[in-house]
Amino acid sequence: MSSSTSTSTDAVARLRRGTAFRDLHAGPRPFVVPNPWDAGTARILASFGFAALATTGAGLAHSLGRPDGANRVSRAEILANAAAIVEATGLPVTADLESGFGERPEDIAETIRLAAGAGLVGGSIEDSTGRDEDPLRPVEEAVERVAAAVEAAKGLGFPFTVTARAENFFQGRPDLDDTIRRLQAYEAAGADVLYAPALPDAEAIRAVCAAVDRPVNVLMTGALKLTVADLGALGVRRISTGSALSRAALGALSRAAREIIGSGTFDFGADALPYAEANALLAPAPEH
């Protein structure tokens, strides 16, 4: 295949994935976008029928032997991980792009362009600073960064879904009114999806969804005790799992290690994915 043909094929695939991901947000019910942390977990999740995937910054950091946190994983590492996940399944993939990897709006725009080059069809930009003493950017500054991401996405030639994140609750600033003001400002700046991770309860989720007109993503873990149907009734359009799946895997590993060290037994094997099933899930798809 010539390079020009390959480029054309890539562009068509990117347009297809970008359009499919955009359209999922307008579907009749909320959809779950689970968060694999490598190519293998991406393929396993795809095999269960999920329509799209999202990367996890924390899951990637942990897989690299690092704690999660600002600047623990580089932009290059995040995009290489995202490219591997895209290549593993061909599904639409959106990425955790942290705060955009730069202080200037131009840096945010470049991150969006690089994300598209990695095969992504969406990405989130958060309003955190990475500074413990001052964790949230002033809203005016955050809006400029969202606007830069939106403008860069418009120039890509295919639908690239920009998600804007208000980090109040995630950064220990549980101010729902400020969270809503920020999300409304990001909506006005052109963000396609709005996201406030770590909302504490159903009423907070309902308030956020009622306050904006763009689709809302909710980070869902077991603590909220809400189902997909519950979240849909609250107005949620997209549900992500963040690092919950990767931490569930780490939990299984830790429990197995404690059993071996503590009792010298290996009962954890009863819950392990059978070898043949693991191989089958990761077998290459047949070519047509």
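Structure shown above.
The structure presented is a predicted model; accordingly, all values stated were derived computationally and were not measured. (Residues numbered from 1 in each chain as written. Predicted model: local features only at pLDDT ≥ 70, side-chain atom pairs only at ≥ 80, totals over all residues. Heavy atoms only, no water.)

A. Structural view of the pattern of salt bridges. Taken as a whole, this structure holds 13 salt bridges when the rule is applied. One salt bridge in this structure joins R137 and E103, with 3.2 Å as the shortest N-O distance. One end of the pair, R137, is in the loop between β4 (122-126) and α6 (139-154); the other, E103, is in the loop between β3 (93-96) and α5 (105-117), with 34 residues separating them in the sequence. (Salt bridge = Lys/Arg side-chain N within 4 Å of Asp/Glu carboxyl O. Helix = DSSP H or I, 4+ residues; strand = E, 2+ residues; numbered from the N terminus.)

B. Representation of unusual backbone geometry in the model. The residue E98 is not glycine, and still its phi comes out positive at about 50°. When you line up the elements, E98 lands in the loop between β3 and α5. Judged by its relative accessible area of 11%, E98 is buried. Residues other than glycine seldom take positive phi values, yet A198 does so here, at roughly 75°. Relative to the helices and strands, A198 is located in the loop between β6 (193-195) and α8 (202-211). Judged by relative accessible area, which is 33%, A198 ranks as partly exposed. (Buried < 20%, exposed > 50% of the residue type's maximum accessible area, 1.4 Å probe, protein only.)

C. Quick look at the packing of helix α2 (residues 39-47) against helix α4 (residues 75-89). At a minimum axis distance of 8 Å, the contact between α2 and α4 shows a crossing angle of 40°. With respect to α4, the axis of α2 lies oblique. In the crossing of α2 with α4, the sense of the turn from one axis to the other is right-handed. Where α2 abuts α4, its residues A39, A42, R43 and A46 lie against A84, I85, A88 and T89. Class assignment for the residues of the contact of α2 with α4 results in 6 nonpolar, 1 polar and 1 charged. (Axes fitted to C-alpha atoms, helices over the stretch in contact; angles between N-to-C directions. Parallel < 35°, antiparallel > 145°, perpendicular 65-115°, else oblique. Left-handed = near helix turned anticlockwise from the far one by under 90°. Contact = heavy atoms within 4.5 Å. Nonpolar A, V, L, I, M, F, W, Y, C, P; charged D, E, K, R; others polar.)

D. Molecular detail of the nonpolar core. One finds I112, L120, F160, Y186, I205 and L231 to be the most contacted residues of the largest nonpolar core, which totals 66 residues. Among the elements that line this core, the one with the most residues is α6, at 7 residues. Residues contacting F160, with those up to four places away along its chain left out, are I112, A115, A116, L120, V121, G122, G123, A153 and D192. (Core = buried A, V, L, I, M, F, W, Y, C linked by side-chain atoms within 4.5 Å.)

E. Examining the pairing of strand β7 (residues 216-219) more closely. Burial of β7 is two-sided: the residues V216 and V218 facing one way and the residues N217 and L219 facing the other way are all buried. Across 2 bridges, β6 lies against β7 in parallel orientation. Bridge pairing links Y195 to N217 in β7. In the sheet, β7 pairs with strand β8 (residues 238-240) via 3 bridges, with the strands oriented parallel. Within the sheet, the bridge partner assigned to L219 lies in β8 and is S240. In this view, the connection linking β7 to its parallel neighbour β8 by way of helix α9 (residues 228-234) has right-handed handedness. (Pairing = 2+ DSSP bridges. Right-handed = clockwise from strand over helix to strand, strands pointing away.)

F. Looking closely at the sheet that holds β3. Ordered by their spatial adjacency, 8 strands build an open sheet running β1-β8-β7-β6-β5-β4-β3-β2, and the pairing between neighbours is parallel. What marks the edges here is a single partner per strand, and that holds for β1 (31-33) and β2 (53-54). Where strand β5 (residues 161-165) meets β6, 3 bridges bridge the pair, whose relative direction is parallel. Bridged to A164 within β6 is L194.

G. Representation of the side chain of H25 within the structure. Within the secondary structure, H25 is located in the loop between α1 (3-24) and β1. Here R238 takes part through its side chain, which lies 3.0 Å from a polar atom of the side chain of H25. The contacts of H25, once residues within four sequence positions are left out, are F31, T161, V193, P215, R237 and R238. (Polar contact = N/O pair within 3.5 Å; in protein donor to acceptor, adjacent residues only side chain to side chain.)

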